[in-house]
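# Notes for the structure review
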Amino acid sequence: MERTTHTPDLKGRRILLGITGSIAAYKAAMLCRLLVTAGAEVRVVMTPLAKQFITPLTMATLSKNPILVEFFDPENGAWNSHVSLGEWADCFLIAPATANTLAKMVGGVADNLLLTTYLSARCPVVVAPAMDLDMYAHVATQQNLQTLVSRGVRLVEPAEGELASGLHGKGRMAEPEAIVAYVGKMLGKDDKTLKGKRFVVTAGATIEPIDPVRFISNHSSGKMGYAIAEELAQRGAAVTLVSGRTALATPAGVERVDVLSAAEMYDAAVAAFEGADGAVMCAAVADYTPMEVSDRKLKKGDGELTIQLRRTQDIAAELGSRKGDRVLVGFALETHDEEVHAEEKLAKKSFDFIVLNSLRDAGAGFRGDTNKVTFIDALGHEELPLLSKREVAGRIVDKMEKLIR
Ligand code: CTP
């Protein structure tokens, strides 16, 4: 997790801070204070057990609002509406999030006010887990986190260090400064950082016809490329999305050019790269295409069938040769010797950096909504945690922004 000393501008942002029963709840006091200092309006919802770890009085004083724990106020019977809490918030930040609460979130359990609020929240939800290292590493917890991330919940990974148990490992809640920096990035004001810039994104699978009925293609869903196009557009850039086959809707503000074959994608991408400030090569382009395409459906015979294939043109390498000082980002999907292959591609295609996915990693790859990637550039490797594809897109665009001259 990135550390920063810079306080983000959260003026006018409404943050609902959820506290669950972990020893790390003491850090929620500092977290609340930092959010308030950054200008946010903070309300706090606690699970009943969380009250054992930090007093409602402390949190009420720091947040300048009464604390919500029960479904209704025991004094006067006033109803604490989870629906209106969820509607009020720009972000529901659950920190610390225990293994128990994470599991209940996955299962849709609604036995306290924090959980009912989660189930009805329409705003982005962020969790900062805190637990013992073995609980964190347990396959149940890891699968729960993966499920939550794939449903759009954002994860601020725990840090490594000394734990309340006295053991040392991964599980301690991220530091309050790091959590505030994360929320600041998500809700911060100055988000049109790419206004006036233009980018090309290739996405999805190409289709190489064999005859009018059959084709050669691959499993790419296009989700990663579409998420990048959406992220660039949201930051104010003009985006041409050169798209192979996908079932996805065009992201808002993006110009989409539909293509079928690698040859069509080549023409569209090369044309769009004229006058662009950079490109992200996310498409799964066929490396081979049939030498001949039959204009009639091929009929089966008794023997074997051989289809001769020829190489397609490498779109990324072509843009690499025209790149100049523009930004070019590539992808590599590998099953073995991942980093060696990715480094070869980085050099061969003149990428500024390459985003490596390994099909060996749980939660990475084609159809899912999560991804686990490593950035590789001339300076080295940076391994990212499991994130939603949308968050991976955010990280890629952050890195691109640093490279834009
Ligand atoms: N790429 C491209 N045009 C092609 C082939 C690949 O633009 N004709 C881009 C992809 O979008 C991706 C990168 O190049 O950014 C992947 O490199 P590549 O060498 O094609 O990977 P593989 O096809 O997986 O290569 P190999 O078969 O050697 O593993």
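Here's what I pulled together on the structure shown here. All of these numbers come straight from a predicted model, not from anything done at the bench. (Residues numbered from 1 in each chain as written. Predicted model: local features only at pLDDT ≥ 70, side-chain atom pairs only at ≥ 80, totals over all residues. Heavy atoms only, no water.)

A contiguous nonpolar surface patch, about 440 Å² in accessible area, is contributed by Y288, L298, L305, I307 and L309. Tracing the backbone shows I307 in the loop between strand 14 (288–290) and strand 15 (309–311). Judged by relative accessible area, I307 falls into the partly exposed class, the value being 34%. (Patch = residues over 30% accessible without salt bridge, like charges linked within 9 Å, V, L, I, M, F, W, Y side chains within 5 Å. Areas by Shrake-Rupley, 256 points an atom, 1.4 Å probe, with all protein chains shown as cover. Salt bridge = Lys/Arg side-chain N within 4 Å of Asp/Glu carboxyl O. Helix = DSSP H or I, 4+ residues; strand = E, 2+ residues; numbered from the N terminus. Buried < 20%, exposed > 50% of the residue type's maximum accessible area, 1.4 Å probe, protein only.)

Before going further, it helps to examine the site of the ligand. In the vicinity of the ligand there are 14 residues, among which M281, A283, D287, A316 and F331 approach most closely. Between the ligand and Q313 there is a distance of 2.9 Å, counted from a nitrogen atom to a backbone nitrogen or oxygen. Within the backbone of I315, a nitrogen or oxygen atom sits 3.0 Å from a nitrogen atom of the ligand. Protein burial of the ligand: of its 580 Å² of free accessible surface, 74% is covered by the chains. Given that more than half its atoms are within 2 Å of the pocket grid, the ligand belongs to the second largest pocket. At the level of secondary structure, the elements contributing two or more residues to the shell around the ligand comprise helix 11 (315–321) and strand 16 (327–334). (Near = heavy atom within 4 Å. Polar contact = N/O pair within 3.5 Å; in protein donor to acceptor, adjacent residues only side chain to side chain. 1 Å grid on protein atoms, 1.4 Å probe; cavity = no way out; pocket = protein on both sides within 12 Å on 5 of 7 lines; lining within 4 Å. Sits in = over half its atoms within 2 Å of the grid points.)

With that settled, the discussion passes to the sheet that holds strand 2 (residues 41–46). The five strands lie next to each other as 2-1-3-4-5, forming an open sheet whose pairing is parallel. The sheet is open, and its two edges are formed by strand 2 and strand 5 (154–155), each paired on a single side. Sheet topology places strand 1 (residues 14–19) next to strand 3 (residues 91–97); four bridges connect them, and they run parallel. Residue pairing for strand 3: I15 is matched across the bridge by C91. Each of strand 3 and strand 4 (125–129) touches helix 4 (residues 99–107); the most contacted strand, strand 4, lies at about 145° to it. (Pairing = 2+ DSSP bridges. Contact = heavy atoms within 4.5 Å. Axes fitted to C-alpha atoms, helices over the stretch in contact; angles between N-to-C directions.)

Okay, the packing of aromatic side chains next. The full count for this structure, using the stated rule, is one aromatic pair. Just above the ring of W88 sits the side chain of R43; from NZ or CZ to the centre is 5.7 Å. Lying over the aromatic face of F353, K399 brings its terminal NZ or CZ to 5.2 Å of the ring centre. (Phe/Tyr/Trp six-rings, centres within 6.5 Å; stacked < 30°, edge-to-face > 60°. Lys NZ or Arg CZ within 6 Å of the ring centre and 35° of its normal.)

Right, let's talk about the nonpolar core for a bit. By size, the foremost hydrophobic cluster in this structure holds 35 residues, and its most contacted members are L17, I19, M59 and L93. The set of elements that each furnish at least two residues to this core consists of strand 1, helix 1 (25–37), strand 2, strand 3, strand 4 and helix 8 (176–187). The dominant element in this core, judged by the number of residues it contributes, is helix 1, at six residues. What I19 contacts, discounting residues up to four positions off in sequence, is A25, A28, V44, V45, M46, T47, A50, I54, M59, A95, P96 and L114. Membership of the second largest hydrophobic core comes to 31 residues, among which are I228, V327, F375 and I396. (Core = buried A, V, L, I, M, F, W, Y, C linked by side-chain atoms within 4.5 Å.)

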